[in-house]
Amino acid sequence: MIPSPTQTRRPPATFSLFARVLHWSMAAGILAMLFIGVGMVASVSERHQWLVQIHKPLGLALLALVCIRLGRRVFKGAPALPADLPAWQRHAALASHVLLYALMFAMPLIGWAMLSAGGYPVVAAGWQLPPIAPADAGLFSWLRGAHRYLALLLFATVLLHLAAALFHGWVRRDGVLESMTRGRSVSSR
C-alpha cells in the first residue's frame, strides 16, 4: 500500500521563497483592493470608473493566486508553530487562517456573482468571463451588501493577522514572523 501524501509529508522548517513572494504579493493586492473598494464607494467622480477598472482584474488575479496558495499549502504544508505556544493560540491561529482563506476566496467570487447579477460583464485579459449568477436586481443588492460586509471582516481579520505577526516578532521573538519575512526557521524553544 502506498502511503498518502498526508501520511508521509512533513511540514517544512520554513516558508519557501515562492510561498513568501506569494504571501506578500497577495498582502499588497488585498490591501490595495480594500482601499480601492473604499475609494470606489466614496467617489462619484471620473475616478470611480478608473478604480472599477483596477478592482475587477485585481480581484480575479487574487482569486487565481489564492488557488495557487491553497494548493501549495495543501501539498507542501506550513512550518510548525513553536512547541511552547499555548493551545488557545494554536486554535486561534488555525481559525484565523481558515477565515482568511475563506474570505480570500469569497470576496472575488461574490464580486463576480454581484456583477453577474447586475448584468455587468466581467473581463479579464480581454476575455469576457461567463456570468456565475443570474441577472436579478434583488440578488445584486444582496451580494453587494455581502461584499461590503465581508470586506470589513477581511480588513479586521488582516489587522488581527498583522497584530499576531507583530506579537510573535516583537514580544515572543519565536521566529514565526521571520519565517515569513526572511525564511528562517521557527524556534522550537
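Since we're looking at a predicted model, the values are computed, not measured.

### Overview of the overall build of the protein chain
Item 1. A count of helical and extended segments in the protein chain gives 6 helices and 2 strands.
Item 2. Put simply, the protein chain runs from its N terminus to its C terminus through helices and strands in the order α-α-α-α-β-β-α-α.
Item 3. Residues counted as buried form 35% of the 189 residues belonging to the protein chain.
Item 4. A sequence separation of at least 24 residues applies to 69% of the contacts in the protein chain between residues at least 6 apart.
Item 5. In the structure as shown, the protein chain presents an accessible area of about 11,700 Å², 70% of it carried by carbon and sulfur atoms.

### A short note on helix H4 (residues 87-117)
Item 1. Over its 31 residues, H4 runs 43 Å from end to end, which matches the ideal 45 Å to within 8%, given 1.5 Å per residue.
Item 2. Of the residues flanking the end of H4, it is Gly119, one or two places downstream, whose phi is positive at about 80°.

### Section: the UniProt feature "domain: Cytochrome b561 bacterial/Ni-hydrogenase" (unreviewed entry) in the protein chain
Item 1. Feature annotation in UniProt assigns "domain: Cytochrome b561 bacterial/Ni-hydrogenase" (unreviewed entry) to the following positions: residues 15-183.
Item 2. Secondary structure over residues 15-183 splits into 76% helix and 4% strand, and the C-alpha atoms at its two ends are 6 Å apart.

### Here we look at the environment of Pro79
Item 1. Summarising the element assignment, Pro79 is placed in the loop between helix H3 (47-76) and H4.
Item 2. In this structure Pro79 comes out as buried when scored by relative accessible area, which is 11%.
Item 3. Each C-alpha atom of the pair Pro79 and Ile110 lies 31 Å from the other, and the pair is 31 residues apart in sequence.

### Remarks on the side chain of Gln89
Item 1. Among the secondary structure elements, Gln89 is positioned in helix H4.
Item 2. The class of Gln89 is buried, set by a relative accessible area of 17%.
Item 3. Leave out the neighbours within four places in its chain, and Gln89 touches Phe167 and Arg172.

### So, the packing of aromatic side chains
Think of a pair of aromatic rings as described by two things: how far the centres are apart, and how the planes are tilted against each other in angle.
Item 1. Applying the stated criterion across every chain yields a total of 2 aromatic pairs.
Item 2. Aromatic side chains Tyr120 and Phe140 sit 6.0 Å apart centroid to centroid with 55° between the ring planes, which places their arrangement in the tilted category. In this pair, Tyr120 sits in the loop between H4 and strand E1 (122-124) while Phe140 sits in helix H5 (residues 137-172), placing the two residues 20 residues apart along the sequence.
Item 3. Look at Tyr120 and you get partly exposed, because its relative accessible area is 45%.
Item 4. Classification of Phe140 as buried rests on a relative accessible area of 18%.
Item 5. A cation sits over an aromatic face here: Arg148 above Tyr149, 5.9 Å from the ring centre.

### Re the layout of surface pockets
Item 1. Considering only enclosed or pocket space, the largest pocket measures out at about 1,300 Å³ in volume.
Item 2. Residue lining of the largest pocket: 46 residues in total, with Ser96, His97, Leu100, His161 and Ala165 positioned closest to the centre.
Item 3. Contributions of two or more residues to the lining of the largest pocket are made by helix H2 (17-42), H3, H4, H5 and helix H6 (176-181).
Item 4. Here the element with the most residues in the lining of the largest pocket is H4; it accounts for 12 residues.
Item 5. When its residues are assigned to classes, the lining of the largest pocket shows 35 nonpolar, 7 polar and 4 charged.

### What about the packing of H4 against H5?
Item 1. Look at H4 against H5: their axes get within 8 Å of each other, and the N-to-C directions meet at 150°. Relative to H5, the element H4 lies roughly antiparallel. When the axes of H4 and H5 are compared, the crossing they make is left-handed.

Rules and cut-offs
- Residues numbered from 1 in each chain as written.
- Predicted model: local features only at pLDDT ≥ 70, side-chain atom pairs only at ≥ 80, totals over all residues.
- Heavy atoms only, no water.
- Helix = DSSP H or I, 4+ residues; strand = E, 2+ residues; numbered from the N terminus.
- Buried < 20%, exposed > 50% of the residue type's maximum accessible area, 1.4 Å probe, protein only.
- Contact = heavy atoms within 4.5 Å.
- Areas by Shrake-Rupley, 256 points an atom, 1.4 Å probe, with all protein chains shown as cover.
- Expected span 1.5 Å × (residues − 1).
- UniProt positions renumbered as here; feature names shortened; annotations may be inferred.
- Phe/Tyr/Trp six-rings, centres within 6.5 Å; stacked < 30°, edge-to-face > 60°.
- Lys NZ or Arg CZ within 6 Å of the ring centre and 35° of its normal.
- 1 Å grid on protein atoms, 1.4 Å probe; cavity = no way out; pocket = protein on both sides within 12 Å on 5 of 7 lines; lining within 4 Å.
- Points joined across faces, edges and corners; volume = space filled by probe spheres on them.
- Nonpolar A, V, L, I, M, F, W, Y, C, P; charged D, E, K, R; others polar.
- Axes fitted to C-alpha atoms, helices over the stretch in contact; angles between N-to-C directions.
- Parallel < 35°, antiparallel > 145°, perpendicular 65-115°, else oblique.
- Left-handed = near helix turned anticlockwise from the far one by under 90°.

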